[in-house]
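Chain residues, written in single-letter form:
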Amino acid sequence: MIPGVNGFMYPNEVELQWSVLIVLYPYITGLVAGAFILASLERVFKVEAVRPTYRLALLTALAFLLVAPLPLQLHLGHPERSFEMYLTPHTSSAMAMFGFVYLWYLTVVLLLEIWLEYRAEIVGLAQTTTGIRRLIYRALTLGSYNVSPEARRIDDKVGYAVTVIGIPSAFLLHGYVGFIFGSVKANPWWSSPLMPIVFLFSAMVSGIAAVMVLYVVCSKLRKVPIDMRCLDTIARYLFYTFVIDFTLEMLDLVHRTYEADESFRSLDFMVHTRLWFSQVILQIMLGTLVPLAILAANQLWRFSVGVRKAMYMTAGGLTLIGIFAMRWNVVIGGQLFSKSFLGYTSYKMELVTREGLLSAIALMILPFVIFLVLIKLLPPWQEEKPR
Amino acid sequence: MDFSRRDLFKAGGKLLVLASVGATLEQITGAEPASDAYKMADHWWGMIIDIDHCIGCGNCVRACSRENGVPHGYFRTWVERYQIEEGKQPRVDSPDGAMEGFPPNTRERLKSFFVPKLCNQCAASPCVQVCPVGATFVSPDGVVLVDDTYCLGCRYCVQACPYGCRYLHPQKQTVDKCTLCYHRITKGLTTACCESCPTGARLLVDFKNPKDPVHEILRNNKVEVLKPYMATQAKVYYKNLDGAVR
């Protein structure tokens, strides 16, 4: 008997190939895509109530996007060769497109939109600050100091166009991550045409929840009142996307159960044993049903401001845990059963290795450090100066 | 014999002219190179495995491991033992890939047989499809290979292989797999596993060779590939394969 193995695994399957770092990757890109979609609510769909979170959402997306490739780099056997994906991409590989989608999203969409949004302030700061800060802001102007009303009007128009392009790009960024898993026909836990769309909606759910929680935390830390109209609106959109996400996931579940193909017995056993806690307890109950119930209650009844804040924070926090559990169950769950459907292995997370728990924790802290630097450099608070 | 430096240069010059003329003539006439030279386009490799002939001795696993320096705990080939009781899930084992064979069956009234496994050298290979840099490829003679100077070690191919034939080499940190002993078969030898099999349960075959026994075997026997529903165009065929095998 091999430790950690029940039944029969093909001998090379005993060791899991994709670790917790590969769990982080879809989680992080999901937060990016979701935060961007929330930002676009204000910009493109004219949901004025969420204005206070527009810039916050953009900076959140950037902070997480900058970290997104790091778990992949740490995971590669030869990270020094990763540039080959740009130089000689294999066109039939979903993964090969990652670099291009990532670069497109980072440069054409996010950096450009943030620059256009902040340009007037960057020019102002480049003229009023001193020392290193002045140098940084001067560099950030990219040599353009024209902030005449006409120039700002053009900025706004281009920014709008970029956001419009950005929405399908955000869909592409995360839908494609779903495709990486959904297109593996060898793995019935992954192989599903629903996978990209499930990933997409769960991304929107996690990104909206993350910005909602960040907005409340930032407001508390800055000791400024929370715009409850904004918070209520975000919670409402979180509820809508969550309902779609949950429906899609349940559709997948019902479809698998009803079809009950060859893999079903094996996968069903896995969900009832090794994935019971992470899938049933964390993902479905605590991470989905509880926040959905909280958000639904807020659509039906009007609670006091204090209660609403507490409810939204609870729902947001649980949602973030639930979506992380969902990524875990997809990535790790998909490797726990044998492709012979005759056995199960287990994932033993290491602690202080390249792909261990400490690396994962560091990678989850890093976006917040970047976020702090970004809000210092480009303050997203604009209560006093509406656009 | 007296042989001056001048004579040596003369003789050398003549040889050079002759060789050049020969080479030019060969180019003009399109003459074949030496008959023993290996030409990839002339071959399309695969294997036939006869389940009824496998005795589970593990010779093939040991031979492969030695021939290819397979790291401990990983397998380019392995043997599985199926034990099937009527109406029940099959019990399958492969202790250390059958490196030391199998312990005896402890139960009676079982259908029991051995299934040697290796890379199926699929022509429509999912592992090749997903490689982000094309480091794994099907060679013109039909062998799925990995360029370990190019592989990133992302392991997407390991996930994509339906048969569990790939692993990350712990030292090289690149993906490794059965090469069908490419270094041997291109020299006219058979694979280490086929050569070491005492019962002839494994047979290296060349589908492009009209004289290869594979054609007669395929014509006269019921054969199957593993997981045919994966549609990978596997080139490892099994004779007498039980439907329970995955």
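Residues numbered from 1 in each chain as written. Chains lettered and ligands numbered in written order. Predicted model: local features only at pLDDT ≥ 70, side-chain atom pairs only at ≥ 80, totals over all residues.

Novice: I would appreciate a short explanation of the overall build of chain B in the present structure.
Specialist: Across its full length, chain B holds 7 helices and 11 strands. Across the 246 residues that make up chain B, the buried fraction comes to 39%. (Helix = DSSP H or I, 4+ residues; strand = E, 2+ residues; numbered from the N terminus. Buried ≥ 20, exposed ≤ 12 C-beta atoms within 10 Å, placed from the backbone.)

Novice: Would you mind showing me how to read the overall build of chain A here?
Specialist: Helix and strand content of chain A: 14 helices and 2 strands. For 387 residues, the compact-globule formula gives about 21 Å, and the C-alpha radius of gyration of chain A, at 22 Å, lands near that figure. Dimensions along the principal axes, computed over C-alpha positions, put chain A at roughly 70 × 55 × 35 Å. Residue burial in chain A is summarised as follows: out of 387 residues, 44% are buried. (Rg over C-alpha atoms; globule rule 2.2 N^0.38 Å.)

Novice: What is the right way to read the sheet that holds strand E3 (residues 91-93) of chain B from this model?
Specialist: Two pairing modes exist for strands in a sheet, parallel and antiparallel, and in both the strands are linked by backbone hydrogen bonds. Residues and elements named next belong to chain B. Taken together, 3 strands build an open sheet; the order of strands is E3-E2-E4 and the sheet is antiparallel. Edge positions in the sheet fall to E3 and strand E4 (111-118), since each of these pairs with one other strand and no more. Shown here is a sheet whose adjacent strand axes are inclined to one another by a mean of 25°, direction ignored. Here strand E2 (residues 77-84) runs beside E3; their pairing, made up of 3 bridges, is antiparallel. In the strand pairing of E3, Gln83 is matched with Arg91. Here helix H2 (residues 59-68) sits on the sheet and contacts E2 and E4; the angle it forms with E2, its principal contact strand, is near 160°. (Pairing = 2+ DSSP bridges. Axes fitted to C-alpha atoms, helices over the stretch in contact; angles between N-to-C directions. Contact = placed C-beta atoms within 7 Å.)

Novice: Before we go on, may I ask you to explain the interface of chain B and chain A in this structure?
Specialist: Where the parts come together, the accessible area they lose is often given as the size of the interface. In this complex, chain B contributes 35 residues to the contact, which on the side of chain A involves 30 residues. Those elements that place two or more of their residues in the side of chain B that touches chain A are E3, helix H3 (126-130), helix H4 (156-160) and strand E7 (167-168) of chain B. Per-element accounting of the side of chain B that touches chain A gives the leading share, 4 residues, to H4(B). By residue class, the composition of the side of chain B that touches chain A is 22 nonpolar, 9 polar and 4 charged. (Nonpolar A, V, L, I, M, F, W, Y, C, P; charged D, E, K, R; others polar.)

Novice: Just checking my understanding: could you explain the packing of helix H9 (residues 228-259) of chain A against helix H11 (residues 276-300) of chain A for this structure?
Specialist: Residue and element names in this part refer to chain A. The geometry of H9 relative to H11 is characterised by a closest axis approach of 10 Å and an angle of 135° between their N-to-C directions. In terms of their interaxial angle, H9 and H11 are classed as oblique. Two packed elements cross with a definite hand, and for H9 against H11 that hand is left-handed. Where H9 abuts H11, its residues Ala235, Arg236, Leu238, Phe239, Phe242 and Phe246 lie against Thr288, Pro291, Leu292, Leu295, Ala296, Asn298 and Gln299. Its residues assigned to classes, the contact of H9 with H11 comprises 9 nonpolar, 3 polar and 1 charged. (Parallel < 35°, antiparallel > 145°, perpendicular 65-115°, else oblique. Left-handed = near helix turned anticlockwise from the far one by under 90°.)

Novice: Even after reading the chapter, I still don't get the nonpolar core, so can you show me in this structure?
Specialist: Residue and element names in this part refer to chain A. Val32 and Leu238 are the most contacted members of the largest nonpolar core, which has 170 residues in total. The element best represented in this core is helix H1 (residues 20-43), accounting for 17 residues. Excluding residues within four positions of it along the chain, Leu238 makes contact with Val205, Ile208, Ala209, Met212 and Leu295. (Core = buried A, V, L, I, M, F, W, Y, C linked by C-beta atoms within 7 Å.)

Novice: Any chance you could explain the environment of A:Ile208 here in plain terms?
Specialist: Residues and elements named next belong to chain A. Looking at the element boundaries, Ile208 is found in helix H8 (residues 195-222). The class for Ile208 is buried, based on 29 C-beta atoms found within 10 Å. Spatially, the C-alpha atoms of Ile208 and Leu31 are 7.9 Å apart, while their sequence positions differ by 177 residues. Excluding anything up to four places from it in sequence, Ile208 contacts Gly34, Leu38, Ile234, Tyr237, Leu238 and Thr241.

Novice: I'm lost on the sheet that holds strand E10 (residues 223-224) of chain B in this one. Help?
Specialist: All names here are of chain B. The strand order across the open sheet built from 4 strands is E9-E1-E11-E10, with neighbouring strands paired in mixed fashion. Among the strands making up the open sheet, the edge pair consists of strand E9 (202-206) and E10. Bridging between strand E1 (residues 45-50) and strand E11 (residues 236-239) involves 4 bridges; their strand directions are parallel. Bridging from a neighbouring strand, Ile49 pairs with Tyr238 of E11.

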